Amino acid sequence: MAITVVPRHPALGAEIRGVDMHWPLDEATRRAVHEAWMEHLVVVFPDQDISDAEHVAFTRNFGEPEIFHQTSLGLRADRVKEIFLVSNVDERNNLLKPSTPSQVQLSSSRQWHTDSSYRPMPSMGSLLHGIEISRTGGITQFINMYKVWDDLPDGLRRQVEGRRARHDFAMLSRLVGSPPPTGEERAAMPPVWHPMVRRHPVTGRTSLFISSIYNDAIEGMEEGASRRLIEDLSDFAAQPQYMYRHVWEPHDVLMWDNRCTVHAVTPHDPAERRVMHRTTIVGAEPVVAA
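Residues numbered from 1 in each chain as written. Predicted model: local features only at pLDDT ≥ 70, side-chain atom pairs only at ≥ 80, totals over all residues. Heavy atoms only, no water.

Description of the sheet that holds strand β13 (residues 253-257)
Next, step 1: If you trace the 7 strands from one edge of the open sheet to the other, you get β1-β2-β3-β13-β5-β15-β4, paired in mixed fashion. Because the sheet does not close on itself, it has two edges, and the strands there are β1 (4-7) and β4 (84-87). The average undirected angle you get between the axes of adjacent strands in this sheet is 25°.
Next, step 2: Where strand β2 (residues 14-17) meets strand β3 (residues 42-45), 2 bridges bridge the pair, whose relative direction is parallel. Bridge assignment links Ala14 to a residue of β3, and that residue is Val43.
Next, step 3: Packing against the sheet, helix α2 (residues 52-59) makes contact with β3, β5 (125-132) and β15 (275-281), and its axis sits at approximately 30° to β15. (Pairing = 2+ DSSP bridges. Helix = DSSP H or I, 4+ residues; strand = E, 2+ residues; numbered from the N terminus. Axes fitted to C-alpha atoms, helices over the stretch in contact; angles between N-to-C directions. Contact = heavy atoms within 4.5 Å.)

In structure tokens, the structure reads:
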């Protein structure tokens, strides 16, 4: 396949044409897609009306799909276990109320984060398929954390250099009031500490590594000061020059690099159906401090 790559924003984000996810990738195309992904951090594949099985098969070109550890809220698909349901419609086609526990937990995605940062080896990347998209919001925003680190003011830089932050999956329930993880889920995913400044294993570039919906502590800082620092870092990062805002079209597939970006979704009308299926690529190495 001959692919074309067209940037969508100066900081990050590009559109890739010439890939059909219904079919296996040849090695040359896989390498070309990977190179574009590393260069642009977020890549968009338009017009990919694929099944969940095809979604998972395409993901495997770049790594092993994660199986979400939490089973109590119905966010893991029953039919294809590698699919995470970023949806307000359940698998029986029922529109879910905002007060439904799964929807309360998903509301945390309106804050800046990176997927599965709470794992000992955080996620490499994610692929999100827009099956039924929102027209009242639901814009997915991405930030280039390489550029954020490069431009970080000295006062903030001094506070994060050489420090680690804790990433705790249970922080979600404290943040948005969703049901806390079960004992089994907590045992499967205990809190972990990661460097706040990391080196990318492929590009070698340095980025700021925070994930505000999971960060509940910073080494050497009291709880209140830790939270304020995460908020200050997130506020600095959320500037237009670092951000690509993806306005969805039906059957867009987005692939992003969790090792050098954060993302957040804008609110939408909860009465409007939004059906998005995600795969998450298992991390291949621990976070290395830069």
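Digging into the sheet that holds strand β8 (residues 192-195)
Next, step 1: In spatial order, the strands read β8-β7-β11; together these 3 strands make up an open sheet with antiparallel pairing. The sheet terminates laterally at β8 and β11 (215-218), the two strands that pair on one side only. Direction aside, neighbouring strands of the sheet carry axes that sit 35° apart on average.
Next, step 2: Relative to β8, strand β7 (residues 164-167) runs antiparallel, the two sharing 4 bridges. Of the residues in β8, the one forming a bridge with His167 is Val192.

A word on helix α1 (residues 27-40)
Next, step 1: Between the first and last C-alpha of α1 there are 20 Å, a value that for 14 residues agrees with the 20 Å anticipated at 1.5 Å per step.
Next, step 2: Buried positions along α1 lie against β1, β2, β3, β5, β13 and β15.
Next, step 3: Between the side-chain oxygen of the N-cap and the backbone nitrogen of Ala28 there are 3.1 Å, and the N-cap of α1 in question is Asp26.
Next, step 4: One or two positions beyond α1, positive phi appears at Leu41, with a value near 75°. (Expected span 1.5 Å × (residues − 1). Polar contact = N/O pair within 3.5 Å; in protein donor to acceptor, adjacent residues only side chain to side chain.)

Remarks on the pattern of salt bridges
Next, step 1: Across all of its chains, the model carries 17 salt bridges by this definition.
Next, step 2: For Glu64, the salt bridge identified is with Arg60, shortest N-O distance 3.5 Å.
Next, step 3: We classify Glu64 as partly exposed; its relative accessible area is 45%.
Next, step 4: Put simply, Asp257 and Arg259 hold a salt bridge, and the shortest N to O gap is 2.9 Å. No difference in accessibility class separates Asp257 from Arg259, as the two residues are buried.
Next, step 5: Within this structure, Arg8, Glu15, Arg17 and Asp47 form a network of salt bridges that share partners. (Salt bridge = Lys/Arg side-chain N within 4 Å of Asp/Glu carboxyl O. Buried < 20%, exposed > 50% of the residue type's maximum accessible area, 1.4 Å probe, protein only.)

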